[in-house]
Structure formats: C-alpha cells, structure tokens
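Tertiary structure, described
Letter by letter, the chains look like this.
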Amino acid sequence: MTLETPAPIDGVYADRSAEERAYSKVFWRIIPFLMLCYVVAYLDRVNVGFAKLQMSSELGLSEAAYGIGAGIFFIGYFLFEVPSNIILNKVGARVWIARIMITWGMISAAFMFTTSETVFYILRFLLGVAEAGFFPGIILYLTTWYPAHRRAKIITTFMSAIPISSIFGNPLSGLLMDSFHGTHGLSGWQWMFLIEAIPAILFGVATFFYLDDTIGHANWLTKEEKKVLTANIDAENRTKSSSPHSVAATLADRRVWLMCLIYFCFVLGQYGLNFWMPTLVKATGVTGNLNIGLISAIPYICTFITMLALGRSSDRLRERRWHLVVPALIAASGFVAATTATSTTLAIVCLSLAAAGAISCAPLFWSLPTAFLAGTGAAAGIAWINSVGNLAGFLGPFLVGYLKDFTGSNSAGMYLLAATLVIGSLAVLAVPAKTVNR
C-alpha cells in the first residue's frame, strides 16, 4: 500500500481524510506521553555526566574510572535487552514499560548513596538491567501502530526526547547541583540524583493506567478508525515475508548483524559526545555548573531541529540510506573540527554539528531494520540490534576517557568518534536500497 492508495476495509476503501484523522488521534494520544517518558529515561541515563563535575573529585574517580562507570550501564542493558523485549511482546507494553520505569527510578535515586568506585559501578550496572527493554520496547510498540511510510517521522519525533532532555536537563542538573550543594549535609550531585529520579517513578505509575497495548484495546478510537489502522498494519506485515520467525533465526540473520554494526557505530558517536559534553564545554573555559548546562544545551537545540527535519524528509522522499550517511559524515567533520577550536563559540559550533549529525542518526536508523522485521523476529531483532549497538555506550565513554588520560587531550577521543561514524556510513551503503526505501 502506498500513500496514494487508501486501505481497503471490508471491501470498501477508507476515506483518506478519515485515515489522517485516525493517525492524528493516535499521535496526540501516545507520542507526547512516550516522549515525556523518554525524556525522563534519557536524563536518568546521562545525568551522570553532570554529576561527574562534583562527584569525581569528591570520590577520587579518574577519567578512565568515570568512563567505565558511565559505560558499564550498557553491559547490564546488553545482557537483559532481548529477554525483556520478548517478555514485553508477551505481556504487553503497558505493564512492562511501567515496571521498567518504576525500577529504574528507584535505582537512579540510590545513586545519592554512592561512596566509592565499586558502588558506582554496581549501581550503573543495575540501572542498565532495570532499563533494558524500554527503548526497543517502544520501537516495537510503535510498529504496531504505524506502517513503514509513516515511521521515520514518528520515531524521530519520539526520539527528539534525547535533545529535549539535554536542552532542559543540562541546565536543570547544573542548577540543582549549585542550589542544593551542602543542604542537609549532602552534595549537589546527590540531590540531583534524588530529585531527577522522582519523575521516572511517577510516569511509571501513569503508564500502567494510560497506555493501551494494541489498537483493539484503544477505547478512544472509533470502530471505523480501528479498522483503518489495523488494515494498514496487516497490509505492511504481509510484505515482510522474508522476516525471520524465531529468536534463533533472527540472531543468525546476516541482515540483523549488519544492522548491529551500523547502530554500534552511530551509538558510539552519540554517547561519546553525550557523556563528555559538560567536560568538553568546561575545557573551553566556561565556569559554573549552571553556565556549563546552559551552553551545553545549544548543540541539542540544533539537534532537535535537525532530527525533525530529517525525519519528515526521509518519509516524504521514502529514502533512508542517504538520510543516514550525510548526517553521520557531517558529525564526523564536527568532531574533527572541534579539536582545533580556539574559542568557546567555535567549539560550540563544531559540537553542534557533531551533535546534530550523530544523534539524528539514531532515530533514522530504525527505519532500516523495521522495514524487514516482523512478529517475533521484530521483538528479538530490535532488542538484539539495540543491545549490541548500545555496547558502544560502554566502549565510547571508556575509550574517550582512556585516551584523555593517556594523551592529556580530548583530541584523540574526538578523532576516534569521527572515524567510527565514517565506518557506520560505509556500512549503511551496503544495505540494498530496495529493502529499506519504503
């Protein structure tokens, strides 16, 4: 089915305007809520980058030790991602996403009790275990509501929560650390972890009562709207005859492993930047946690605009590969240029290019595997790709920290991130256009 051809419902073609109204209702019902959930999730995942500004000196953490702690989250994430997504596919998104959010909120709050490297490592690992399945579960959930030709725009809109969380979260984290430092004998980073964990628990409870598992369960849709939406999903699933139909077949599929490589490269660039952004900004001479937070938000404002524009363009043109390759190469250029920046202004311009390109690759990427995965293959494949790719979330921060300790400069880490994005771009071009351009 194409955009120009309405879906047949019980032998009668649905009115195009009725279809658009149905998708409008779906969008306003679930996407803003899921975005808020992801803002909370992402903030709890990366606020350790701001905590580092105080925590490292208080606990005596080296740059490499911080990198290990920041990245070990993804080891727990990797180990439990596939099982978590398979459980979600069986019990439904409403129950499982609520469970995920409540448990990660509790663990995130526990970071205020960090007293050593060991405790830091353990809590980061447990946070990864708790959050495993959240993101791939949402991607899987969205494939049950939106067909391929609408998906890039929807996923980029959902994942615009990443720059949003940094636009507002970076200044918030800096403000909390400065304002509460010393209150009741606790450091600013301890208060930040406690306060920023509360929304995760509240949204987890709200998810249980608000989210609908399937189109059929959505009482806010009319019978006719349900038929239109269901017919579109059924029509797309009939085109995915080449999808693996078991966990074993999915993990043996070469296409899935190519997706893992591509996503690994893009995630390494993304998290290598996210976890070190406050440190990079501070290195340009900016002082004060709130000031660092405000200036760190600028690249993410650029990212937000870029993500939405690229998502719309990709769906409108039904082109997926070059919408990934070009931003990745621009990001690589931004990382390289950042190593020669001689002022805060120039550094922010370079980091804005790097952030807009690298972070935009993540939502656009998911148009590739969801174009050929369906059913159990989608549940296992999306989770596996996300878990393997997110191992870069461990490797990236560690390598950037190690290279900084080894060389005494941020430049080597930036070159590494740039090279990885170039490799990811080349891997994208190995994907047949006819498979993903829908």
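Sequence order as written defines the numbering, with residues in each chain counted from 1. Confidence filtering applies because this is a predicted model: local features only for residues at pLDDT of at least 70, side-chain atom pairs given and counted only at 80 or more, and all residues used for totals across whole chains, interfaces and linings. Hydrogens and waters are ignored; side-chain quantities use all the structure's heavy atoms.

1. Some thoughts on the environment of Ser387
The condition is simple: Helix and strand assignments follow DSSP, with helices taken as H or I runs no shorter than four residues and strands as E runs no shorter than two, numbered in order from the N terminus. Working definition: with a 1.4 Å probe on protein chains only, accessible area under 20% of the residue-type maximum means buried, over 50% means exposed, and in between means partly exposed. What makes two residues a contact is simply this: any of their non-hydrogen atoms within 4.5 Å. N or O atoms within 3.5 Å of each other form a polar contact, as long as, within protein, one can give a hydrogen and the other can take it, and as long as residues adjacent in sequence are counted only when both atoms are side-chain atoms.
Along the chain, Ser387 turns up in helix α17 (residues 375-389). In this structure Ser387 comes out as buried when scored by relative accessible area, which is 0%. With 310 residues separating them in the primary sequence, Ser387 and Tyr77 have C-alpha atoms 6.5 Å apart. Not counting the four nearest positions on each side in its chain, Ser387 is found in contact with Tyr77, Phe78, Glu81 and Val82. In this structure the side chain of Ser387 is engaged in a polar contact, spanning 2.9 Å, whose partner is the backbone oxygen of Trp384.

2. Considering the domain arrangement of the protein chain
Rules: Domain delimitation in this document rests on an assignment produced automatically or drawn from a domain database. A 1.4 Å probe defines the accessible area here, and the buried area is the portion of it lost by two parts on being joined, summed over both. For this analysis, a salt bridge means a side-chain nitrogen from Lys or Arg found within 4 Å of a carboxyl oxygen belonging to Asp or Glu.
Taken domain by domain, the protein chain consists of domain 1 (29-237) and domain 2 (246-437). A separation of 18 Å is found between the C-alpha centroids of domain 1 and domain 2. Contacts between the two partners involve 57 residues from domain 1 and, on the opposite side, 55 residues from domain 2. Across the domain 1 to domain 2 interface the summed buried area is about 4,600 Å²; carbon plus sulfur atoms make up 72%. The tally of links from domain 1 across to domain 2 stands at zero salt bridges. Taken together, the links from domain 1 to domain 2 amount to seven residue pairs in polar contact (both at pLDDT 80 or more). Secondary-structure elements contributing two or more residues to the side of domain 1 that touches domain 2 are α1 (16-46), α2 (48-59), α3 (63-91), α6 (134-143), α7 (148-159), α8 (161-180) and α10 (223-237). Counting residues per element, the side of domain 1 that touches domain 2 draws most heavily on α3, at 17 residues.

3. Some words on unusual backbone geometry
Phi is positive for His184, which is not a glycine, with a value near 55°. Within the secondary structure, His184 sits in the loop between α8 and α9 (188-210). The phi dihedral of Arg318 is positive, around 50°, even though this residue is not glycine. Along the polypeptide, Arg318 turns up in the loop between α14 (289-317) and α15 (322-338).

4. With respect to the pattern of salt bridges
Throughout the structure, instances matching the rule amount to seven salt bridges. Linking Asp212 and Arg29 is a salt bridge whose minimum nitrogen-to-oxygen distance equals 3.9 Å. Here Asp212 is found in the loop between α9 and α10, whereas its partner Arg29 is found in helix α1, with 183 residues between them in sequence. Classification of Arg29 as partly exposed rests on a relative accessible area of 24%. In this structure, Asp253 and Arg255 form a salt bridge, with 2.8 Å as the shortest nitrogen-oxygen distance. Of the residues examined, Asp253 reaches a relative accessible area of 13% and is grouped as buried.

5. Regarding the nonpolar core
The test is simple: In these notes, a set of buried Ala, Val, Leu, Ile, Met, Phe, Trp, Tyr and Cys residues joined through side-chain atoms within 4.5 Å is what counts as a nonpolar core.
In this structure, Tyr38, Trp104, Phe134, Leu142, Trp145, Met159 and Trp366 are the most contacted members of the largest nonpolar core, which totals 133 residues. Residue contributions to this core peak at 15 residues, all from α1. When residues no more than four places from it in sequence are discounted, the contact partners of Trp104 are Cys37, Val40, Ala41, Asp44, Leu127, Ala130, Glu131, Phe134 and Ala200.

6. Re the side chain of Ser160
Residue position: Ser160 is located in the loop between α7 and α8. Beyond its immediate sequence surroundings of up to four residues, Ser160 is in contact with Met35, Phe304, Met307 and Leu308.

7. Digging into the state of the cysteines
Put simply, the rule reads: Our working definition of a disulfide is a cysteine sulfur pair at a distance within 2.5 Å.
By the definition in use, this model includes zero disulfides. In this structure Cys350 is not part of a disulfide, and its nearest cysteine sulfur, from Cys302, lies 12 Å away.

8. Things to note about a nonpolar patch on the surface
Operational definition: A residue counts toward a patch only above 30% relative accessible area and without a salt bridge, and it is joined to like-charged neighbours within 9 Å or, for Val, Leu, Ile, Met, Phe, Trp and Tyr, to nonpolar neighbours within 5 Å. Here, Shrake-Rupley sampling with a 1.4 Å probe gives the accessible areas, and only protein chains in the shown set may cover a residue.
Together, Trp322, Val326, Leu329, Ile330, Leu346, Val349, Leu353, Val422, Leu426 and Leu429 give the surface a local cluster of nonpolar side chains, amounting to about 830 Å² of exposed area. At the level of secondary structure, the elements contributing two or more residues to the nonpolar patch comprise α15, α16 (344-365) and α19 (411-428). At four residues, the largest contribution of residues to the nonpolar patch is made by α15. Tracing the backbone through its elements, the reader meets Trp322 in helix α15.

9. Details of α9
What counts, and what does not: Each residue after the first adds 1.5 Å to the expected span of a helix.
With 23 residues, α9 should cover 33 Å at 1.5 Å per step; its first-to-last C-alpha distance of 34 Å lies within 8% of that length. Residues of α9 that are buried include every one of Gly188, Trp189, Gln190, Trp191, Met192, Phe193, Glu196, Ala197, Ala200, Gly204 and Thr207, and no others.

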